[in-house]
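The chain contents come next:
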Amino acid sequence: MWAVVQDRPSAPGKAASSGFAAQLSRATQAAQADQAGGGELKAAYDRLSAASKAVLNRLKAGEANVSKEEWAALRRELRDAGLITQEEFFRSDPDVVVVGYTDANGELVTYPPVCCQGAAQSNGGVLISRYWSPEDWAGDPLRFLDKWLEAIRDWQDEVDAQYRADGTKYDTSHLTKQAEAHEKVSGLVKAMLELC
């Protein structure tokens, strides 16, 4: 899927107190608390459904047979446990990629090169369409995410080197946020594998 997010640029200085850095700090603190004998991550793991724990057990055993539906269910439980936000849940969907944004003038800006595969539709201020992934889903979500992150970072580097028709740079912070959502989910799952 493609997504063009409608978002306003964040105010200078706010990135340090909110967003991924702050959430990563909280996740690190939770992991440290878990090492001390209690903690948010362990409590969230304990509340996972049997199906999600089975997914984690298969991942820990090196079995690459996790369906996208099982991965979505596990991510949903991470969201419901408060470990990821609704936005991170959406941005960490393996079938979604942000392909643009709405700039300060309300203009829809798509990152180059963008070509839609199938009809695009608007959903709550987000443009959604099918997205070709750099790697087919083969049942190993962590491997898939590694390849996806590599591809999105390469694309972001390419976009960062280009200018819009009006001479301004593209705002690639939306790609950064999506990569961070995938990294956060991957990190949480890897931490939970230690609890299996």
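The rules we used
- Residues numbered from 1 in each chain as written.
- Predicted model: local features only at pLDDT ≥ 70, side-chain atom pairs only at ≥ 80, totals over all residues.
- Heavy atoms only, no water.
- Core = buried A, V, L, I, M, F, W, Y, C linked by side-chain atoms within 4.5 Å.
- Buried < 20%, exposed > 50% of the residue type's maximum accessible area, 1.4 Å probe, protein only.
- Helix = DSSP H or I, 4+ residues; strand = E, 2+ residues; numbered from the N terminus.
- Phe/Tyr/Trp six-rings, centres within 6.5 Å; stacked < 30°, edge-to-face > 60°.
- Lys NZ or Arg CZ within 6 Å of the ring centre and 35° of its normal.
- Salt bridge = Lys/Arg side-chain N within 4 Å of Asp/Glu carboxyl O.
- Expected span 1.5 Å × (residues − 1).
- Contact = heavy atoms within 4.5 Å.
- Arc of directions from axis to C-beta.

Of all hydrophobic cores here, the largest spans 36 residues; its most connected members are L56, W71, Y111, I152, W155, V189 and M192. The element that contributes the greatest number of residues to this core is helix α6 (residues 141-160), accounting for 8 residues.

The full count for this structure, using the stated rule, is 4 aromatic pairs. With a centroid separation of 5.8 Å and an interplanar angle of 90°, the aromatic rings of Y111 and W155 are classed as edge-to-face. With Y111 in the loop between β3 (108-110) and β4 (117-123) and W155 in helix α6, this residue pair connects regions lying 44 residues apart in the sequence. Given a relative accessible area of 0%, Y111 falls into the buried group. Between W137 and F144 the ring centres are 5.1 Å apart and the planes differ by 55°, which places this aromatic pair in the tilted class. The buried category is assigned to F144, whose relative accessible area is 2%. Within the aromatic cluster, the residues linked to one another by ring pairs are Y101, Y111, W155 and Y170. Across the ring face of F89, the terminal group of R75 is positioned such that the distance to the ring centre comes to 4.4 Å. The ring centre of Y163 lies 4.3 Å from the NZ or CZ of K169, which sits over that ring.

This part covers the pattern of salt bridges. The full count for this structure, using the stated rule, is 10 salt bridges. In this structure, R58 and E70 form a salt bridge, with 2.7 Å as the shortest nitrogen-oxygen distance. Pair noted here: R58 is in helix α3 (residues 50-60) and E70 is in helix α4 (residues 68-80), with a separation of 12 residues, a long-range link. By relative accessible area, which is 26% here, E70 ends up partly exposed. A salt bridge links E87 to R91; the nearest nitrogen and oxygen atoms lie 2.8 Å apart. Here the residue E87 and the residue R91 both occupy positions in helix α5 (residues 86-91), the gap between them amounting to 4 residues, near one helical turn. The buried category is assigned to R91, whose relative accessible area is 5%. Three or more residues joined by partner-sharing salt bridges are found here, namely D103, E107, R164 and D166.

On to α4, then. The periodicity of an α-helix, 3.6 residues per turn, causes residues three or four positions apart to be oriented the same way. Between its first and last C-alpha atoms α4 spans 18 Å; for 13 residues at 1.5 Å apiece the expected length is 18 Å, and the two agree. Among the residues of α4, W71, A72, L74, R75, E77 and L78 are the ones counted as buried. Here the buried face of α4 lies against α2 (40-47), α3, α5, α6 and α7 (173-193). Of the residues one or two after α4, G82 is the one with positive phi, at around 85°.

Okay, α3 next. Taken together, the buried positions of α3 are occupied by S52, V55, L56, R58 and L59. The buried side chains of α3 occupy one side of the element, clustering within an arc of 160° when seen end-on. For α3, the elements touching its buried residues are α2, α4, α6 and α7. In the stretch just after α3, G62 is the one whose phi turns positive, near 80°.

Relative to the assigned elements, Q178 resides in helix α7. Beyond its immediate chain neighbours, meaning those up to four positions away, Q178 contacts R91, V96, V97, V98 and W148.

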